[in-house]
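# Structure at a glance
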Amino acid sequence: MTAVKIVKPIPLTEAMLVATNVTENDYSAIANSTPYALGARVISTSTHKVYECILAYTSAGSAVAPNLDTDHWVEVGPTNRWKAWDTSTTSKTAKSTSITYQVTPGLAINAVAARGLVGATSVRVRLIDGSTLYDQTVNVTRPPVASSWWEWFFGERESVESALFIDLPAYPDADLYIDIAGGTDLAVGVLLFGQMRRYGIGVQHGATVGIQDYSRKEPDDFGEMELIERNYSDRASFDLVLNRYEVDSLKRFLTSIRATPVLVIADDYYEACGIFGFVKDFEILIAYHHYSECSLDIEGMT
């Protein structure tokens, strides 16, 4: 059994971002004295989001702040550069063969994660403060679905969708470098860093993992099955054995993150036991004098 690990991500701000090779040129930046037709899309450099014109106009008006002009603009989503730093695993930052970010968190962190990887071969994380303090690379090359020579050479290969680094040393002034390498279809859904907390003696046997599928699977009037693929979210349920002194601390922490996306790692061995989502429900049973039990239900972000 291993302790449950929870990482509350530190939101990335513009001031923290030192450098990246992901350009922010999805569309042109919104400009004063420029007419926009219905359906035109622009970037707001202040919010780093894409907006679509829903009401054409010929004067600038409040065009410099489309997030405040809901009569003319509707938010589409973050720009490609910032998609990896929102709370959605569906929106992905994409760039052929290489994605790099240099960040100054401004405080000590001990955990970094990449989730929703597509076409990646490796993820490298470094901490540098004058000299290199930490440098680790995780190989995320797609493995075969079974261990045989035929599967190795000819079989289908699974996608590894995550990379986790949970042993970073504490250096508050260090710069964080995240380098993702891959193919022409390289993309990442979520990048996060933060301070990891550990709770409990370990997760008991009997934990469950699965998904909540939002696809449509319904028969039409003639009995033909209509299948429409939609998003899904990961989910997990498990029971955790707690030390007596952890009960109040865990309850306070879980209460504080009840509407906050976090990374929950129930077991380091299984990729499926690491979920980026929210604590849907929890209950602590004070069963014994020295030990208690906590049941956790986690639902992933879409």
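So, here is what we can say about the structure in this document. (Residues numbered from 1 in each chain as written. Predicted model: local features only at pLDDT ≥ 70, side-chain atom pairs only at ≥ 80, totals over all residues. Heavy atoms only, no water.)

## As for the pattern of salt bridges
Enumeration according to the criterion identifies nine salt bridges in this entry. For Glu 52, the salt bridge goes to Arg 41, with nearest N and O atoms at 2.8 Å. Of this pair, Glu 52 sits in strand β4 (residues 49-53) while Arg 41 sits in strand β3 (residues 41-44); the two residues are 11 residues apart in sequence, bridging distant segments of the chain. Exposure remark for Arg 41: the relative accessible area of 34% places this residue in the partly exposed category. Between Lys 280 and Glu 299 there is a salt bridge, with its nearest N and O atoms 3.6 Å apart. Of the two residues, Lys 280 sits in strand β20 (residues 274-285) while Glu 299 sits in strand β21 (residues 291-300), which places them 19 residues apart along the sequence. Salt bridges sharing partners connect three or more residues here, namely Arg 216, Glu 218 and Glu 226. (Salt bridge = Lys/Arg side-chain N within 4 Å of Asp/Glu carboxyl O. Helix = DSSP H or I, 4+ residues; strand = E, 2+ residues; numbered from the N terminus. Buried < 20%, exposed > 50% of the residue type's maximum accessible area, 1.4 Å probe, protein only.)

## Observations concerning the sheet that holds strand β5 (residues 73-78)
Judged by pairing direction, the sheet is antiparallel, and its three strands sit side by side in the order β3-β4-β5 without closing on themselves. Unpaired on one side and paired on the other, β3 and β5 mark the two borders of the sheet. Neighbour-to-neighbour, the strand axes of this sheet turn through a mean angle of 35°, independent of strand direction. As defined by bridge partners, β4 adjoins β5 across five bridges and the pair is classed as antiparallel. Within β5, the position partnered with Cys 53 by the bridge is Trp 73. (Pairing = 2+ DSSP bridges. Axes fitted to C-alpha atoms, helices over the stretch in contact; angles between N-to-C directions.)

## Some points on the packing of aromatic side chains
One pass over the full model with this rule turns up five aromatic pairs. Relative to Phe 253, the ring of Tyr 199 has its centre 6.0 Å away and its plane inclined at 25°; by these criteria the two rings are stacked. Highlighted residues: Tyr 199 in strand β13 (residues 190-199) and Phe 253 in helix α2 (residues 247-256), separated in sequence by 54 residues. The residues Tyr 199 and Phe 253 share a single accessibility class, namely buried. Members of the aromatic cluster, each reached through a chain of ring pairs, are Trp 85, Tyr 101 and Phe 193. (Phe/Tyr/Trp six-rings, centres within 6.5 Å; stacked < 30°, edge-to-face > 60°.)

## As for the side chain of Gln 102
Note that Gln 102 resides in strand β7 (residues 98-103). A distance of 3.0 Å separates the side chain of Gln 102 from the side chain of Tyr 177, its partner in a polar contact. Excluding residues that lie within four positions of it along the chain, Gln 102 makes contacts with Met 16, Leu 17, Val 18, Ala 19, Asp 175, Leu 176 and Tyr 177. (Polar contact = N/O pair within 3.5 Å; in protein donor to acceptor, adjacent residues only side chain to side chain. Contact = heavy atoms within 4.5 Å.)

## Considering the pairing of strand β8 (residues 111-115)
Within β8, five of the five residues are buried, which leaves it mostly tucked inside the rest of the structure. A two-sided burial pattern is seen for β8, the buried positions comprising Ala 111, Ala 113 and Arg 115 on one face and Val 112 and Ala 114 on the other. The pairing of β8 with β13 spans five bridges and is antiparallel. Looking across to β13, one finds that Arg 115 is bridged to Val 190.

## Concerning unusual backbone geometry
In the Ramachandran plot, His 48 falls in the positive-phi region, its phi being about 60° despite a non-glycine side chain. Checked against the element boundaries, His 48 lands in the loop between β3 and β4. A relative accessible area of 10% means that His 48 is categorised as buried. For Thr 97, which is not glycine, the phi torsion reads 70° and is therefore positive. Here Thr 97 lies in the loop between β6 (93-94) and β7.

## Describing the nonpolar core
Judged by nonpolar contacts, the single largest core of 32 residues is most densely connected at Ile 180 and Phe 193. Elements that contribute at least two residues to this core include exactly β7, β8, β9 (118-129), β11 (162-165), β12 (175-188) and β13. Considering each element in turn, this core owes the most residues, five residues, to β12. With near-sequence residues (within four places) excluded, Phe 193 lies in contact with Lys 8, Pro 9, Ile 10, Leu 12, Met 16, Trp 85, Val 103, Pro 105, Ile 109, Ala 111, Val 112 and Leu 176. (Core = buried A, V, L, I, M, F, W, Y, C linked by side-chain atoms within 4.5 Å.)

## Remarks on a nonpolar patch on the surface
A cluster of nonpolar residues, Trp 149, Trp 150, Trp 152, Phe 153 and Phe 154, forms a patch on the protein surface that exposes about 720 Å² of accessible area. Examined against the element boundaries, Phe 153 turns out to sit in helix α1 (residues 149-154). (Patch = residues over 30% accessible without salt bridge, like charges linked within 9 Å, V, L, I, M, F, W, Y side chains within 5 Å. Areas by Shrake-Rupley, 256 points an atom, 1.4 Å probe, with all protein chains shown as cover.)

## Considerations on the pairing of strand β1 (residues 4-9)
Bridge count between β1 and β13: six bridges; the pairing is antiparallel. For Ile 6, the partnering residue across the bridge sits in β13 and is Arg 197. Judged from the three bridges that link them, β1 and strand β19 (residues 262-265) form a sheet pairing that is antiparallel. The partner of Lys 5 across the bridge, within β19, is Ile 265.

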